Amino acid sequence: SQKIEQNSEALNIQEGKTATLTCNYTNYSPAYLQWYRQDPGRGPVFLLLIRENEKEKRKERLKVTFDTTLKQSLFHITASQPADSATYLCARGNSGGYQKVTFGTGTKLQVIP
Amino acid sequence: EAGVTQFPSHSVIEKGQTVTLRCDPISGHDNLYWYRRVMGKEIKFLLHFVKESKQDESGMPNNRFLAERTGGTYSTLKVQPAELEDSGVYFCASSRGGAYNSPLHFGNGTRLTVT
């Protein structure tokens with residue numbers, strides 16, 4: 001089966017540092033990977049998408065990589081702020097006309113002032 | 001634009017009862033999805049509508065779950081009769097297009113507790 005594995009342990013980092021979250025997938029490469037942010041009691045909020053043929057995508061302080069050899073995506077937040085504290089979800093999707101995505105369980109990030 | 005809204009935000013029912021969850025997608029979004037997170041697990045796909053048509057309901061757990069989207073606007077998800085294992089958070093998401101380049105917009109979910 002197609003799985004997404006994220007480190008279930010919380011990640012604590014100091015404000016101003018770069019946070020790096022890891023997402024590993026099993027079996028064949030997905031057509032794309034998505035990253036979402038989720039705050040307590042709220043639904044996931046889409047942040048970034050990276051396709052299989054892309055190595056890296058950036059959006060403001062966010063950067064995502066896709067390594068098909070390692071079967072891994074890394075999600076970076078540079079110059080992290082306490083407001084970045086949340087759970088970050090990785091999701092994989094396959095080609096097709098709709099988004100039946102498979103989520104990981106998420107990694108909780110805590111940015112300490 | 002108004003986001004995806006779900007009602008109720010919380011529901012506590014007894015085993016054997018019926019519950020109906022409602023989702024209002026963003027106006028103009030033809031694609032509507034239901035996802036669910038049971039405690040300690042990842043968010044999982046339940047089904048997908050395009051307008052009023054079910055395109056994929058492969059994630060629906062069993063025939064106690066019935067989703068509808070009459071008129072292609074809001075959607076309901078009925079659980080009848082509810083079982084303890086149905087407890088979890090039910091998320092609705094919508095997108096304008098179906099493909100990956102049309103981001104999913106999620107509602108805040110309905111937390112269902114079956115006692």
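Residues numbered from 1 in each chain as written. Chains lettered and ligands numbered in written order. Predicted model: local features only at pLDDT ≥ 70, side-chain atom pairs only at ≥ 80, totals over all residues. Heavy atoms only, no water.

Trainee: Tell me about the packing of aromatic side chains, residues and numbers included.
Mentor: Counting across every chain of the model gives 14 aromatic pairs over all chains. Taking the centre distance of 5.8 Å and the plane angle of 85 degrees together, the rings of phenylalanine 103 of chain A and tyrosine 35 of chain B count as edge-to-face. Pair noted here: phenylalanine 103 of chain A is in strand β10 (residues 102-103) and tyrosine 35 of chain B is in strand β4 (residues 31-37), and the two residues belong to different chains. The exposure class assigned to phenylalanine 103 of chain A is buried, which follows from its relative accessible area of 1%. Owing to a relative accessible area of 0%, tyrosine 35 of chain B belongs among the buried residues under this scheme. Counting every residue linked through ring pairs, the aromatic cluster contains Tyr36, Phe46 and Phe103 of chain A together with Tyr33, Tyr35, Phe45, Phe91 and Phe106 of chain B. Above the ring of tyrosine 28 of chain A, the side-chain terminus of arginine 92 of chain A is found at 5.3 Å from the ring centroid. Sitting over the face of the ring of tyrosine 74 of chain B, arginine 22 of chain B holds its NZ or CZ atom 3.8 Å from the ring centroid. (Phe/Tyr/Trp six-rings, centres within 6.5 Å; stacked < 30°, edge-to-face > 60°. Helix = DSSP H or I, 4+ residues; strand = E, 2+ residues; numbered from the N terminus. Buried < 20%, exposed > 50% of the residue type's maximum accessible area, 1.4 Å probe, protein only. Lys NZ or Arg CZ within 6 Å of the ring centre and 35° of its normal.)

Trainee: Give a description of the environment of tyrosine 88 of chain A that names residues and reports values.
Mentor: Residue and element names in this part refer to chain A. In this fold, tyrosine 88 is placed in strand β9 (residues 86-93). On the basis of relative accessible area, tyrosine 88 is assigned to the buried category, the value being 2%. Sequence separation between tyrosine 88 and phenylalanine 46 is 42 residues; the distance between their C-alpha atoms is 9.9 Å.

Trainee: Tell me what's going on with the sheet that holds strand β6 (residues 56-59) of chain A, and back it up with residues and numbers.
Mentor: All names here are of chain A. On the basis of which strands lie adjacent, the open sheet formed by five strands has the order β1-β3-β8-β7-β6 and antiparallel pairing. The open sheet has two edge strands, β1 (4-6) and β6, and neither has a second partner. Between one strand and the next, the sheet's axes are offset by a mean angle of 20 degrees, whatever the strand orientation. For β6 and strand β7 (residues 62-67), the ladder comprises four bridges, and the chain directions are antiparallel. In the sheet register, lysine 59 faces β7, and the bridge partner there is leucine 62. (Pairing = 2+ DSSP bridges. Axes fitted to C-alpha atoms, helices over the stretch in contact; angles between N-to-C directions.)

Trainee: Now, about the pairing of strand β5 (residues 45-51) of chain A: what can you tell me, with residues and values included?
Mentor: Across a regular strand the side chains alternate sides, sitting on one face of the sheet and then on the other. All names here are of chain A. Across six bridges, strand β4 (residues 32-38) lies against β5 in antiparallel orientation. Its bridge partner being in β5, tryptophan 35 is matched across the sheet by leucine 48. Here β4 hands over to β5 after six residues, with glycine 41 in that stretch at a positive phi of 75 degrees.

Trainee: Before we move on, could you go through the state of the cysteines and cite the residues and values that matter?
Mentor: Residues and elements named next belong to chain A. With the rule as written, the count across this model stands at two disulfides over all chains. Each sulfur in the disulfide pair cysteine 23 and cysteine 90 lies 2.0 Å from the other. Across the S-S bond linking cysteine 23 and cysteine 90, the dihedral sits near -65 degrees, which makes this disulfide left-handed. Within this pair, whereas cysteine 23 is found in strand β3 (residues 19-25), its partner cysteine 90 is found in strand β9, the two being separated by 67 residues in sequence. According to the relative accessible area criterion, cysteine 90 is buried, its value standing at 0%. (Disulfide = S-S within 2.5 Å.)

Everything listed here is a matter of coordinates, which is why it stays silent on function.
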